[in-house]
Each structure stands twice: as structure tokens, then as C-alpha cells.
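Now for the letters of each chain:
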Amino acid sequence: MKDRNGAAYAAAMLGIALLSAAVFAGETDEEWKAHKAQFDKAMASGVSADMERAVRELARADRPEAVDLLLKVLDYENPKISGMLAERAKIQEAIEGIYKAYLKGNQLEFSSQGELDRYNKAVADLQTLNDQIATESYLNGAAIEALSAIRDTEAVDRLIAKGMKDSSWRVRAGVALALGEIKSDAAIQPLIKAVGDKDPKVQTAAMDSLANMGKTEALDAITKNLGDKNWQIRVTAARALGRLGQAASIKPIVDQMQKEEGRMLEDFDAALKDLTGHTTHGNSRAWQSWYNANQSRLDEIVGKREASVEGSDEVGKTVTFYGITTKSKRIIFIIDISGSMEAPGIPPPATTGVPAAGGQLPANPKRIDVAKWELKNAVGSLPDDAKFNIIYF
């Protein structure tokens, strides 16, 4: 699962393109003095909307002093979050206990209205808490957006010098993402160095940014990460090399693909398709054969990137859940067990005349019946060496 900081980064990227496209003239000393006073007031207020707005508006200042403030915001730990996360864990545990106690076959059967009300209240409380956590996890993403819009040379130099050497991984990762949007040549070497950072989130941010900048100087550093023990780093390295579009990257990606399995094969195939236009639908042996047959003309192939297909998309055992198919051997299923799941459901097409691990659905299934069928069918289709978990909400 993604942690809240990873989710904040993903959300931040949605707004970066629009914000960084704006052109700011910067502020005079007097304007900055007034701006900082407004910022301090907003941050002291504790009002989420005012704090987020104040952080985003720091981009307008476009000066080193604004960078200093934004770097502090990147490492901001919202004191409300830890309590909310602990409370959410308690509610989730309570819901799971209720679910186990009252699940009879394919139905939740409560012996009293009070038990049903307790269950519905727990589900409603969980949804409310999730909304609150999402609202409070905002400042980090806002700071990344604001930093991405910085263009003043002195401010960018300050961002690189301080941000990429900060002791906090949150700061280094956020700055790495911002530098990928700023696209300053001064950031190339610090980002290449960050590809080997001790924290995987910083490494992935640096590789993404270097690919976004199109910097082929980073090929060697990124290629080394193809064999990292962390699967997220390996995937990011492969996809970054695919985006950089150099024929020299094909062999190391194909070589590493021979050591991968499950969903990783799809990701490596996607990287190779970005480079060549060719796909084997994740068949690593087919890619090895393709490379052996075409290694003398890789530059030509990468230059043309003509679409071609080889092999079958059924290579490897696949698992399907609500129409989503994957070859991954590490899966988390997220199941809605709220009151809305008692509404009438739509039987999946695969139930018609097709034997499945999910068994036979009721004649008029509820949504929860369909969810259980999908889950049983998916789990029953997993390979023997797969690992999975189930989260209820």
C-alpha cells in the first residue's frame, strides 16, 4: 500500500503542469515582507484551506526566501494525522470483527437492529475519518507544486544546494520531483547522485525527474538500479530507461527481465515497448529471442519504434478481479462492506456457463454477493506461490 506521503506526491503531480506554466515576475522586498506576514498568519491559524492556499501562493514570490519556507513545509508533520491513523486502525479492526461474527454463508445476518446500527455506524465513521485524513494530508503536495513553479536562478540554486542535501527523505524526494519540472541543467548532477540515495522514495523521484527532463547522462546510474532488491526501484528504473529512449538500454532491461516474475514482467515489457514499439505481452523468453535476432539493428528499431506483437497475452497465470487482470503474485484485495453493498448487484458475465472458484451466485444477487464471488474466484485462480491480503472498509 502507498503511504500518505506517496499519495501526496501523486496528487501533487496533477497540478504541477498548470502551476509551473505560469510566469511569475517575483516580488520586491516590501511585497515579500507583506506576503510572508500573510503566510505566517495562515500557518498559525491551523485552518487547512488557509494553510494550503498560503503554501501554494509562495510560488508567486519566486525568490530564495520562499524556497527556505517551502523546504520546511515539505517536512511538516501534521500532528492530527497520527491520532487519526490510530483511530482508523481501531475502527477497521472493529468492522472486521463484526464481519467475522455475523457472516453466514454469503450474507451478513444480524440478530438485532442494534447490531446492524453498530455496523453501519462503524462504516460511516470510517468513511468520515478517511475523508478527514485525505484533507489533512495536503501540505506536502502543495509545497511540491509551489517549488515546481520556481524559476529565479538564485532561488533554484538555493533549492538544489539545501534541498538535495537535507537530512529528511521527504524534503529530498519532494525537491527531486520539483526539479524535474523546473528542468534546470544545474540539477542534473545532483539528481543523478540522488538515483543512488539511501531512501527508495528519493531514488524513484530522481529517476522519474531525470526521465522527465530527457537527460541521457543518467543512463548508467539508472541502469544500475535495474537489479535493486526493491521492486519499486527496479520498475521505476525500467520505465525511466524506456522513456529516455536509448538503444543501449534494451539489453540490460531484457537481461533483468529474465529474473523477474508476475506483474514485473508486464512493467518490463511496457518499458521495452516504449523503446522499440514491440511487445511480447510479458514473455521474457520471447524478449530474449527477439533481442538475439535483432541486436545488430537496435538503433534502427528504436528510431522507428514500429508497433509489433509477439507471443500471447496469456503467458503466465493471470488473475481477474472485477474485470481487472494481472499476473502479479503479490495482491491486496480491497472490499467494500458498507451498507450500500446490500443493494441489488449485477452478475459478472463470467458466471454464465463458466465453472469458477466463486461458485454459484444467488438468483438475485446483492452487490456484496457479487463482491464475494469475485473475491473467491480471484483467490481460487492465484498460483500456488502467490501471496495476498484482504482489506475491508
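Each remark here, short or long, concerns the structure printed above.
Everything quoted here is computed from the prediction, not taken from an experiment.

Digging into the overall build of the chain
Here comes step 1: Summing up its helical and strand segments, the chain has 18 helices and 8 strands in all.
Here comes step 2: Within the chain, buried positions represent 47% of all 393 residues.
Here comes step 3: Looking at the chain alone, contacts between residues at least 24 apart form 70% of all its contacts between residues at least 6 apart.
Here comes step 4: When the accessible surface of the chain is summed, it comes to about 19800 Å², and 52% of that surface belongs to carbon and sulfur atoms.

Quick notes on the side chain of S184
Here comes step 1: On the secondary structure map, S184 appears in the loop between α9 (169-182) and α10 (188-194).
Here comes step 2: When near neighbours in sequence (up to four residues on either side) are disregarded, S184 contacts V156, L179 and M213.

Remarks on the pairing of strand β7 (residues 330-335)
Here comes step 1: Burial along β7 is one-sided: I331, F333 and I335 are buried, and none of R330, I332 and I334, which face the opposite way, are.
Here comes step 2: Pairing of β7 with strand β8 (residues 387-392), which is carried by 6 bridges, proceeds in the parallel orientation. Paired with I335 across the bridge in β8 is Y392.

As for the packing of helix α15 (residues 263-276) against helix α16 (residues 284-294)
Here comes step 1: Close contact between α15 and α16 brings their axes to 11 Å; oriented N to C, the two are set at 25°. In terms of orientation, α15 lies roughly parallel with respect to α16. For the crossing formed where α15 meets α16, the hand is left-handed. Here L265, D269, L272, K273 and T276 of α15 come into contact with α16, specifically with S284, W287 and W290.
Here comes step 2: Tallied by class, the residues present in the contact of α15 with α16 amount to 4 nonpolar, 2 polar and 2 charged.

Looking at unusual backbone geometry
With glycine set apart, most residues show a phi of negative sign, and most peptide bonds adopt trans.
Here comes step 1: Phi at H281 is positive, roughly 55°, even though this residue is not glycine.
Here comes step 2: H281 gets classed as partly exposed once you look at its relative accessible area, which sits at 30%.
Here comes step 3: At R305, a residue that is not glycine, the phi angle is positive and equals roughly 50°.
Here comes step 4: Along the chain, R305 falls in the loop between α17 (298-304) and β4 (308-309).

Considerations on the packing of helix α2 (residues 29-45) against helix α3 (residues 48-57)
Here comes step 1: At a minimum axis separation of 8 Å, α2 and α3 run at an interaxial angle of 150°. Taken together, the axis directions place α2 and α3 in an arrangement best described as roughly antiparallel. α3 is crossed by α2, and the crossing has left-handed handedness. Contacts between α2 and α3 involve H35, F39, A42, M43 and S45 from the first element and D50, M51, A54, V55 and E57 from the second.
Here comes step 2: Along the lines of polarity and charge, the residues of the contact of α2 with α3 split into 6 nonpolar, 2 polar and 2 charged.

Notes on helix α18 (residues 367-381)
Here comes step 1: Relative to the 21 Å expected for 15 residues at 1.5 Å per residue, α18 spans 21 Å between its end C-alpha atoms, a close match to the ideal helical length.
Here comes step 2: Taken together, the buried positions of α18 are occupied by I368, D369, V370, A371, K372, W373, E374, L375, N377 and A378.

Topic: α9
Along an α-helix, residues three or four apart share an orientation, since each turn contains 3.6 residues.
Here comes step 1: Between the first and last C-alpha of α9 there are 20 Å, a value that for 14 residues agrees with the 20 Å anticipated at 1.5 Å per step.
Here comes step 2: When you tally the buried positions in α9, you get 14 out of 14 residues, the bulk of the element.
Here comes step 3: With a side-chain oxygen positioned 3.2 Å from the backbone nitrogen of R170, the residue opening α9 is S168.
Here comes step 4: Positive backbone phi, at 65°, marks K183, one or two positions downstream of α9.

Digging into the nonpolar core
Here comes step 1: Membership of the largest hydrophobic core comes to 80 residues, with the highest contact counts inside it found for L179, L191, I222 and I250.
Here comes step 2: Ranked by the residues each element gives to this core, the list is headed by α9, at 9 residues.
Here comes step 3: Formed by 27 residues, the second largest nonpolar core is a distinct cluster that contains I98, A122, V123 and F333.

Focus: the packing of aromatic side chains
Ring pairs (aromatic) are described by centroid distance and by the angle formed between their planes.
Here comes step 1: This structure, assessed with the given rule, holds 3 aromatic pairs.
Here comes step 2: An angle of 35° between the planes, with centres 5.4 Å apart, marks the rings of F110 and Y119 as tilted.
Here comes step 3: Residue Y119 is classed as buried on the basis of its relative accessible area of 3%.
Here comes step 4: Ring geometry for W287 against W290: centres 5.1 Å apart, planes inclined by 75°, an arrangement best described as edge-to-face. Here W290 and W287 lie together in helix α16, a separation of 3 residues that amounts to about one turn.
Here comes step 5: Judged by its relative accessible area of 9%, W290 falls in the buried class.
Here comes step 6: Pairwise contacts between aromatic rings join Y102, F110 and Y119 into one cluster.
Here comes step 7: If you follow K201 out to its NZ or CZ, it ends over the ring of W169, 4.9 Å from the centre.

Cut-off values and rules
- Residues numbered from 1 in each chain as written.
- Predicted model: local features only at pLDDT ≥ 70, side-chain atom pairs only at ≥ 80, totals over all residues.
- Heavy atoms only, no water.
- Helix = DSSP H or I, 4+ residues; strand = E, 2+ residues; numbered from the N terminus.
- Buried < 20%, exposed > 50% of the residue type's maximum accessible area, 1.4 Å probe, protein only.
- Contact = heavy atoms within 4.5 Å.
- Areas by Shrake-Rupley, 256 points an atom, 1.4 Å probe, with all protein chains shown as cover.
- Pairing = 2+ DSSP bridges.
- Axes fitted to C-alpha atoms, helices over the stretch in contact; angles between N-to-C directions.
- Parallel < 35°, antiparallel > 145°, perpendicular 65-115°, else oblique.
- Left-handed = near helix turned anticlockwise from the far one by under 90°.
- Nonpolar A, V, L, I, M, F, W, Y, C, P; charged D, E, K, R; others polar.
- Expected span 1.5 Å × (residues − 1).
- Polar contact = N/O pair within 3.5 Å; in protein donor to acceptor, adjacent residues only side chain to side chain.
- Core = buried A, V, L, I, M, F, W, Y, C linked by side-chain atoms within 4.5 Å.
- Phe/Tyr/Trp six-rings, centres within 6.5 Å; stacked < 30°, edge-to-face > 60°.
- Lys NZ or Arg CZ within 6 Å of the ring centre and 35° of its normal.

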